[in-house]
Amino acid sequence: QAQLVESGGGLVQPGGSLRLACVDSGRAFSNNAIAWFRQAPGKEREFLARIDRNGGATNYARFVKGRFTISRDNTENPAYLQMHGLEPEDTAIYYCAATLDLGAVFTTPARYKYWGQGTQVTVSS
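Residues numbered from 1 in each chain as written. Predicted model: local features only at pLDDT ≥ 70, side-chain atom pairs only at ≥ 80, totals over all residues. Heavy atoms only, no water.

Chemist: Help me understand the packing of aromatic side chains in this model?
Modeler: For any pair of aromatic rings, geometry is given as the distance between the ring centres together with the angle between the planes. Under the counting rule described, the total for this entry stands at five aromatic pairs. Ring plane angle 75° and centroid distance 5.4 Å describe the contact between F37 and Y112, whose orientation is recorded as edge-to-face. Of this pair, F37 sits in strand β4 (residues 32-39) while Y112 sits in the loop between β9 (92-100) and β10 (114-115), placing them 75 residues apart in sequence. Like F37, the residue Y112 is buried in the burial classification. Judged by centre distance (5.2 Å) and plane angle (45°), the ring pair of F37 and W115 falls under tilted. Of the two residues, F37 sits in strand β4 while W115 sits in strand β10, which places them 78 residues apart along the sequence. For the pair formed by F37 and W115, the shared burial category is buried. Put simply, the rings of F37, F47, Y95, Y112 and W115 pair up and form one aromatic cluster. (Phe/Tyr/Trp six-rings, centres within 6.5 Å; stacked < 30°, edge-to-face > 60°. Helix = DSSP H or I, 4+ residues; strand = E, 2+ residues; numbered from the N terminus. Buried < 20%, exposed > 50% of the residue type's maximum accessible area, 1.4 Å probe, protein only.)

Chemist: Got a minute to help me understand the pairing of strand β1 (residues 4-7) in this structure?
Modeler: Only one face of β1 is covered, namely the face carrying L4 and E6; the face carrying V5 and S7 is uncovered. The sheet contact formed by β1 and strand β3 (residues 18-24) spans four bridges and is antiparallel. Looking at β3, one finds that V5 is bridged to V23. (Pairing = 2+ DSSP bridges.)

Chemist: Before we go on, may I ask you to explain the sheet that holds strand β8 (residues 79-83) in this structure?
Modeler: Each strand in a sheet pairs with another by means of backbone hydrogen bonds, the pair being arranged parallel or else antiparallel. Taking strand neighbours across the sheet as the criterion, the four strands line up as β1-β3-β8-β7 in an open arrangement whose pairing is antiparallel. Either end of the sheet is taken by a strand with one partner, and the two such strands are β1 and β7 (68-72). In this sheet, adjacent strand axes meet at a mean angle of 15° when their direction is disregarded. (Axes fitted to C-alpha atoms, helices over the stretch in contact; angles between N-to-C directions.)

Chemist: Looking at this model, I keep getting lost on the state of the cysteines. Mind explaining?
Modeler: If you walk through the whole model with that rule in mind, you get one disulfide. Two residues share a disulfide in this structure: C22 and C96, whose sulfurs sit 2.1 Å from each other. Judged by the torsion about the S-S bond (-80°), the C22/C96 disulfide is left-handed. Highlighted residues: C22 in strand β3 and C96 in strand β9, separated in sequence by 74 residues. (Disulfide = S-S within 2.5 Å.)

Chemist: Help me understand the nonpolar core, please; the structure alone is not making it clear to me.
Modeler: When a protein is soluble and globular, its nonpolar side chains tend to lie buried together. Grouped together as the largest cluster of nonpolar side chains are 33 residues, with contacts concentrated most on W36, L81, M83 and Y94. Where this core is concerned, the elements lending two or more residues are β3, β4, β5 (46-51), β7, β8, β9, β10 and β11 (119-123). Ranked by residues supplied to this core, first place goes to β9 with six residues. Not counting the four nearest positions on each side in its chain, M83 is found in contact with G16, S17, L18, L20, R67, F68, Y94 and V121. (Core = buried A, V, L, I, M, F, W, Y, C linked by side-chain atoms within 4.5 Å. Contact = heavy atoms within 4.5 Å.)

Chemist: I keep staring at the pattern of salt bridges and nothing clicks. Help me out?
Modeler: Oppositely charged side chains may form a pair once their charged atoms are brought near each other. Summed over the entire model, instances satisfying the criterion amount to four salt bridges. Across the salt bridge formed by R50 and D101, the nearest N and O atoms sit 3.4 Å from each other. Placement of R50 in strand β5 and of D101 in the loop between β9 and β10 is noted, with a sequence separation of 51 residues between them. With relative accessibility at 3%, the residue R50 sits in the buried group. Residue D101 is classed as buried on the basis of its relative accessible area of 10%. Taken together, the salt bridges that share partners define one network made up of R38, E46, R67 and D90. (Salt bridge = Lys/Arg side-chain N within 4 Å of Asp/Glu carboxyl O.)

Right under this line is the structure:
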C-alpha cells in the first residue's frame, strides 16, 4: 500500500498563511483524486478540499472556500493546500488522502484508501 507524507505545518499568528505539501512514497497519485481533511481534539475528521486526477476540477467545504486553495503539479507529483487568513478555529491536525478517481466526488474519510500521518497546524497569538 502506498504511503503519503504531509509537511508545512507549524505555529502561525491569526491572519497568517501556510502552505501544506503532500508527497507519495508509491503510486498513490496515479489515477487518484487527492483530498485534504483536518481533525481537532475531540472532534470528527472534516473535509476541506479535493482535486481530481488531472488537476482540472476542485471542490471545497463552504467554510474554507475563498481562504484555502488546493493544487497539484500533475497526476504523479506533489499536491498542496495553500491557506490564508488563518484563525484559531483552524487549529487541527491536517491530513492528505488519496483514492482511485472514478468520477465521483467523495467528502467522507471512509472513501479514501491512502493517508498520511498528519501535520499539526496551530493558530495562536
